[in-house]
Amino acid sequence: MSAVTRPGLAPPLVVPAPATVAGPVTQVRVVRAEWTKLRALRSTRWCTLIAAVLIVGVGALVAGSGTVYHVSAGNSAAAGISGALLGVLIAQLVLGVVGVLAFSGEYGTGMIRATLAVVPSRLPVLWAKLIVLAGLVLPVSMLCAFADFFTATAIESSRGGSAISLTDPGVLRTVVGSSLYLTVVVIIGLALGALLRKTAAGLSAFAAVFFVIPIVAGTLPHSITGFTPYLPSNAGGALWGQSATSAQALSPWTGFAVLCGYAVVLTGLAAWQLRHRDA
Amino acid sequence: MIEIDGLTKRYGDKTAVDGLSFVVEPGVVTGFLGPNGAGKSTTMRMIAGLDRPDSGTVRVNGKHYPKAPAPMAELGILLDARSVHPGLSARNNLLALARTAGIGRRRVDEVIELAGLGEVAGTRAGGFSLGMGQRLGVAAALLGRPQTVVLDEPVNGLDPDGVRWIRLLLKSLAAEGRTVLVSSHLMSEMAQTATQLVVLGRGKLITEASVEDFTGHATGTGVLVRTPETVRLAEVLAAPGVTVINDGTAVLRVSGITAEQIGVAAWRAHLPVYELTPTHASLEEAFMQVTQDSIEYHAGATR
């Protein structure tokens, strides 16, 4: 580009600028950028580690204590495994932090301005965060859920309980479902962090949705609990036998679809806001 | 090049930037001046597409920046507030930005060295001093070798070595034909670095001029004349466009006419002159004069 000078100004010295090193922004590149951040943050490592310990540890604890689990007409194999996966309910809070922080951490520190200045089209940042979070949580939680299954069943059968196998009805769905549930829950955390921007607000909203509201709803009189199966935690819980509702729980995959619906709506709102609001 | 046309931005009922239009040319360092709250940072955020204008347009290198295919090749920006993640090392902060444009580790290490961050590259940015944070921000702005560089208060918190580094850096970027827009409250620093100026006050353009023209038009620029014949010399010099201030001493302050012209006029009128000294208003004086009416936050009386 040639320099334009103004009257009264000596023409500036123009030497050819070195070729630029910056290429176009692509979704793949933004995913790599987000992975660089997520991987290097201490909070990610700690939360992931704690979640893994919680899932497997609580499972082992449940299997190793109390009465030995015997599969019977009232106690299905899937329900037994669901009980061994109880740690997922606590792990969701820990991993939810990672989800919320993915955006709120950037708003809180101001890094969001640097991030959006280099990706001014903005939406690729949201998709990239979604992809790297799902890419972290899904395999890790899947691994933990299976580790939990094998640990818990080994402990149970060593104590003389029923030997539950992955091929028993609903067992594989329960194990895989707990991991799918966690992944979608973390994405909801991401959307809440993007929408609310403040870490404290995001975490409070997340804890309210997945912890406080289900408990409060559980204390309501039966006549007005018709909505409780549709709460995100109960709808998603239906997939892996953790729907804490006194009303009739949704069928597993319907419930999961409802949970995904919440994630889609919240992510959509986050996308709209990211696109239209000042950074 | 940055072209700003009719830019307006309101926050609630406060108008931060009001119908602003100016052009920042490539090849020179352009200083962006204005009192606190004049709208400089808001304008810079709109240049980077971070804030959406209520009306008006911003073009960076002739393009609408948010639609630029390779943004990091177009614009590198340092914003006033910290915009780094304290939990990431300097290197990872830069790497995360670099990845979006496919910029490799080599270039990241290059800007780390350039910014003098070599020894702390692996340290978490949260522990950085203000000056280190500034260096990191400048390094980020340079990552993509952008055609246009916008820096908000880059020397803020820098040591003398860092200030000198920024001064030389800005000049070399301009010499490479890049567009350089830089804001600073340090007028002496700006006078040494910038050749063009854009001055804002209360969100409006006050003036767009070269540093020479800007200081040349300020009071304080003129000629100091020491003569025993103050009254007669003042009469001789009187002409349209010439101002002569006689404060009753043996010194006249004359503006609108050069020292040479005064000397010749005095010689022709046979009037003795003992001293003839051209004086220049500093950039700071010139700035204070033009922005006096538009200062948002006056310092209160000291108690």
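Residues numbered from 1 in each chain as written. Chains lettered and ligands numbered in written order. Predicted model: local features only at pLDDT ≥ 70, side-chain atom pairs only at ≥ 80, totals over all residues.

Caption draft 1: Up close: the overall build of chain A. The number of helices and strands found in chain A is ten helices and zero strands. Starting at the N terminus, the α and β elements of chain A follow one another as α-α-α-α-α-α-α-α-α-α. The C-alpha radius of gyration computed for chain A amounts to 24 Å, which surpasses the reference 19 Å derived for 279 residues by more than 25%, pointing to a less compact arrangement than a globule. Projected onto its principal axes, the C-alpha positions of chain A cover 95 × 45 × 25 Å. Within chain A, buried positions represent 47% of all 279 residues. Nonlocal contacts in chain A, meaning residues at least 24 apart in sequence, comprise 75% of its contacts between residues at least 6 apart. (Helix = DSSP H or I, 4+ residues; strand = E, 2+ residues; numbered from the N terminus. Rg over C-alpha atoms; globule rule 2.2 N^0.38 Å. Buried ≥ 20, exposed ≤ 12 C-beta atoms within 10 Å, placed from the backbone. Contact = placed C-beta atoms within 7 Å.)

Caption draft 2: Structural view of the interface of chain A and chain B. Listed per partner, the contact involves 42 residues of chain A and 48 residues of chain B. Contributions of two or more residues to the side of chain A that touches chain B are made by helix 1 (27–40), helix 2 (42–64), helix 4 (87–109) and helix 5 (111–118) of chain A. The element that contributes the greatest number of residues to the side of chain A that touches chain B is helix 1 of chain A, accounting for seven residues. Here the side of chain A that touches chain B is built from residues that sort into 26 nonpolar, eight polar and eight charged. (Nonpolar A, V, L, I, M, F, W, Y, C, P; charged D, E, K, R; others polar.)

Caption draft 3: Here's a closer look at helix 1 of chain A. The terminal C-alpha atoms of helix 1 of chain A lie 20 Å apart, and with 14 residues this matches the ideal 20 Å at 1.5 Å per residue to within 8%. Considered for burial, the residues of helix 1 of chain A that qualify are Arg29(A), Val30(A), Val31(A), Ala33(A), Glu34(A), Thr36(A), Lys37(A) and Leu38(A). For helix 1 of chain A, the elements touching its buried residues are helix 2 and helix 6 (123–158) of chain A together with helix 3 (90–99) of chain B. (Expected span 1.5 Å × (residues − 1).)

Caption draft 4: Here's a closer look at the sheet that holds strand 7 (residues 179–183) of chain B. All names here are of chain B. Reading across the sheet, the six strands line up as 5-6-7-3-8-9 and stay open at both edges, with mixed pairing between neighbours. Only two strands of the sheet have a single neighbouring strand rather than two, namely strand 5 (75–78) and strand 9 (204–210). Shown here is a sheet whose adjacent strand axes are inclined to one another by a mean of 15°, direction ignored. In terms of strand pairing, strand 5 meets strand 6 (residues 148–152) through four bridges, oriented parallel. Following the sheet pairing, Ile77 is matched in strand 6 by Val150. (Pairing = 2+ DSSP bridges. Axes fitted to C-alpha atoms, helices over the stretch in contact; angles between N-to-C directions.)

Caption draft 5: Fine view of the domain arrangement of chain B. With domains assigned, chain B is organised as domain 1 (2–210) and domain 2 (222–279). Each of domain 1 of chain B and domain 2 of chain B has a C-alpha centre, and these two points are 46 Å apart. (Domains from an automatic or database assignment.)

Caption draft 6: Broad picture of the nonpolar core. The biggest cluster of nonpolar side chains holds 161 residues, and the ones touching the most others in it are Ile55(A), Ala191(A), Leu94(B) and Ala139(B). The element contributing the most residues to this core is helix 7 (residues 171–196) of chain A, with 16 residues. With residues near it in sequence (within four places) discarded, Ala191(A) still touches Ala263(A), Leu266(A), Thr267(A) and Ala270(A). Formed by nine residues, the second largest nonpolar core is a distinct cluster that contains Leu233(B), Leu252(B), Ile262(B) and Ala266(B). (Core = buried A, V, L, I, M, F, W, Y, C linked by C-beta atoms within 7 Å.)

Caption draft 7: Representation of the environment of Pro272(B) in the model. Residue and element names in this part refer to chain B. Along the polypeptide, Pro272 turns up in the loop between helix 10 (259–268) and strand 13 (275–279). Sequence separation of Pro272 and Val155 is 117 residues, and the distance between their C-alpha atoms is 48 Å. Not counting chain neighbours up to four residues away, the residues in contact with Pro272 comprise Thr227, Pro228 and Glu229.

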